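# What the coordinates show
One letter stands for each residue in the lines below.
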Amino acid sequence: MVKAVVLGAAGGIGQPLALLLKANPAITALGLYDIVNTPGVAADLSHIATPAKVEGYLPPDDGLAKTLKGADVVVIPAGVPRKPGMTRDDLFKINAGIVRDLATGIAKNSPKAFVLVISNPVNSTVPIVAEVFKKHGVFDPKRLFGVTTLDVVRASTFVGELTKSDPTSVVVPVVGGHSGVTIVPLLSQSSHPLPSSFSATDLDALINRIQFGGDEVVKAKDGAGSATLSMAYAGAEFANKVVRAIKGEKGIVAPTFVHLDGAAKKTLGVELDFFSAKVELGSEGVKTILPLGELTDKEKGLVAAALPELQTSIEKGEKFITESTQKL
Ligand code: NAD
Ligand code: LMR
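The protein has the name Malate dehydrogenase in an unreviewed UniProt entry, where Armillaria gallica is given as its organism. The heading Sequence similarities (unreviewed entry) in the UniProt record of the protein holds the text "Belongs to the LDH/MDH superfamily. MDH type 1 family." Check the Subunit (unreviewed entry) section of the UniProt entry for the protein; it says "Homodimer."

Below, the structure written as structure tokens:
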């Protein structure tokens, strides 16, 4: 029995993500929460002939607590998306408070759940959840994940196009964080090597496209938001990996933004509290944080360039909770 929950389930990501989770036969219960429209979304999905029993709640009558009761996996896409000209950090003002309040609900109602954070800026919202959980004495670093799968999906798609390969067979690790230069594709470790005709300029263009793929969608949507469908696909894919690992499947590895303890910092050679690393998942969540592997000089430079922004964003998220006097 696996209960999955989506917080922000009526949104651009939330609805297709809920659909994909409903279509996952390993999920037996699906809880949907939003400040609007969840009863309708739940009623609609409940007619689909798959095992998951669907319930949708709004804030009144302890809706958040009811949604979270018994949750194994909680996915959070609640919050505002970017418009053209905005950075992900510009979303902090609104999304930090939304994520803080939802994390408080999780700490009180499902503290053992695996928590998958999609809301931007991921480099700050994941530290926010960690600090809220610490304040409630329920922080388990093995159970908290920032979802960076969309970067992996994009990198695999673009490399698939360039190498004329089936994109479903392409695996490109992407590490660091989820914003601009903090997104570090390890193209030298791609399952499908780039063509020998690929020049240094071509490589720079590909790296730039992966790092700023989100902007491509924001621009094309022209004020109507950011990536929703590809994000729902990526979120469902990562959630499915977590579910398979909980159910005992071994050897599942995925890049994800996780807390680093002293040993993990040494493994990665990174002095940060959080980093998106290749992680082996297990029944308790994070099983092993894997080393970055052999990097080219170019990739070493990209990792170094990611660190200052990551540090600033992580500290911003942590301080939002540690320096707040608000009762959680
Ligand atoms: P959206 O506006 O379409 O949907 C957000 C939903 O959150 C809305 O339904 C809204 O009602 C709900 N919401 C707002 N406050 C809430 C609260 N307190 N409790 C519960 N629900 C609440 O936005 P979207 O396009 O779905 O994007 C959501 C977030 O995901 C944004 O922050 C966006 O930047 C982020 N995102 C992250 C990635 C990633 O790779 N991690 C990719 C795409 C988008
Ligand atoms: C993305 O990478 O598409 C998301 O983080 C949304 C955004 O703001 O670009």
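On we go.
## Quick look at the site of ligand 1
What surrounds ligand 1 is a group of 28 residues, the closest being G12, I13, D34, V80 and N120. At 3.3 Å from an oxygen atom of ligand 1 is found a main-chain nitrogen or oxygen belonging to G79. Notes on ligand 1: free accessible area 860 Å², of which the protein chains cover 86%. If you map ligand 1 onto the pockets, it falls in the largest pocket. Of the residues forming the shell around ligand 1, the biggest block, three residues, is contributed by helix α4 (residues 92-109). Considering only residue class, the shell around ligand 1 consists of 18 nonpolar, nine polar and one charged.

## Description of empty space enclosed by the protein
Empty space among the atoms can be located by rolling a probe the size of a water molecule over them. One pass over the structure, following the stated rule, counts one cavity of 30 Å³ or more. Taken as a whole, the largest cavity encloses approximately 40 Å³ of empty space. For the lining of the largest cavity, the residue count by class is five nonpolar, no polar and two charged.

## A short note on helix α9 (residues 229-246)
In this model α9 runs 26 Å from its N-terminal to its C-terminal C-alpha over 18 residues, within 8% of the 26 Å that 1.5 Å per residue would give. Buried within α9 are the following residues: M231, A232, A234, G235, A236, F238, A239, V242, V243 and A245. One or two positions beyond α9, positive phi appears at G248, with a value near 105°.

## Quick notes on the packing of helix α6 (residues 149-162) against helix α7 (residues 200-211)
Where α6 contacts α7, the axes come no closer than 9 Å and their chain directions differ by 145°. Of the two elements, α6 crosses α7, and the hand of that crossing is right-handed. Taken together, the residues of α7 that come into contact with α6 (itself represented by D151, A155, F158, V159, E161 and L162) are L206, R209 and I210.

## Observations regarding the site of ligand 2
Around ligand 2 sit R82, R88, N120, L150, R154, H178, G214, S226 and A227, and that is every residue in its neighbourhood. In this structure, an oxygen atom belonging to ligand 2 sits 2.7 Å away from a side-chain N or O atom of R154. Contact with the protein chains covers 96% of the free accessible surface of ligand 2, which is 260 Å². Under a 2 Å grid-point criterion requiring more than half of the atoms, the pocket assigned to ligand 2 is the largest pocket. Across the shell around ligand 2, the residue classes tally to two nonpolar, four polar and three charged. Inspection of the shell around ligand 2 shows a minimum of three residues originating in each of domain 1 (2-146) and domain 2 (149-314).

## Observations regarding the UniProt feature "active site" (unreviewed entry) in the protein
Annotation from UniProt places "active site" (unreviewed entry) at H178. By secondary structure assignment, the location of H178 is in the loop between β7 (174-176) and β8 (183-185). Judged by its relative accessible area of 8%, H178 is buried. The residues touching H178, leaving out its near neighbours within four places in the chain, are R88, N120, V122, N123, T148, D151 and I183.

Procedures and definitions
Residues numbered from 1 in each chain as written. Chains lettered and ligands numbered in written order. Predicted model: local features only at pLDDT ≥ 70, side-chain atom pairs only at ≥ 80, totals over all residues. Heavy atoms only, no water. UniProt positions renumbered as here; feature names shortened; annotations may be inferred. Near = heavy atom within 4 Å. Polar contact = N/O pair within 3.5 Å; in protein donor to acceptor, adjacent residues only side chain to side chain. Areas by Shrake-Rupley, 256 points an atom, 1.4 Å probe, with all protein chains shown as cover. 1 Å grid on protein atoms, 1.4 Å probe; cavity = no way out; pocket = protein on both sides within 12 Å on 5 of 7 lines; lining within 4 Å. Sits in = over half its atoms within 2 Å of the grid points. Helix = DSSP H or I, 4+ residues; strand = E, 2+ residues; numbered from the N terminus. Nonpolar A, V, L, I, M, F, W, Y, C, P; charged D, E, K, R; others polar. Points joined across faces, edges and corners; volume = space filled by probe spheres on them. Expected span 1.5 Å × (residues − 1). Buried < 20%, exposed > 50% of the residue type's maximum accessible area, 1.4 Å probe, protein only. Axes fitted to C-alpha atoms, helices over the stretch in contact; angles between N-to-C directions. Left-handed = near helix turned anticlockwise from the far one by under 90°. Contact = heavy atoms within 4.5 Å. Domains from an automatic or database assignment.

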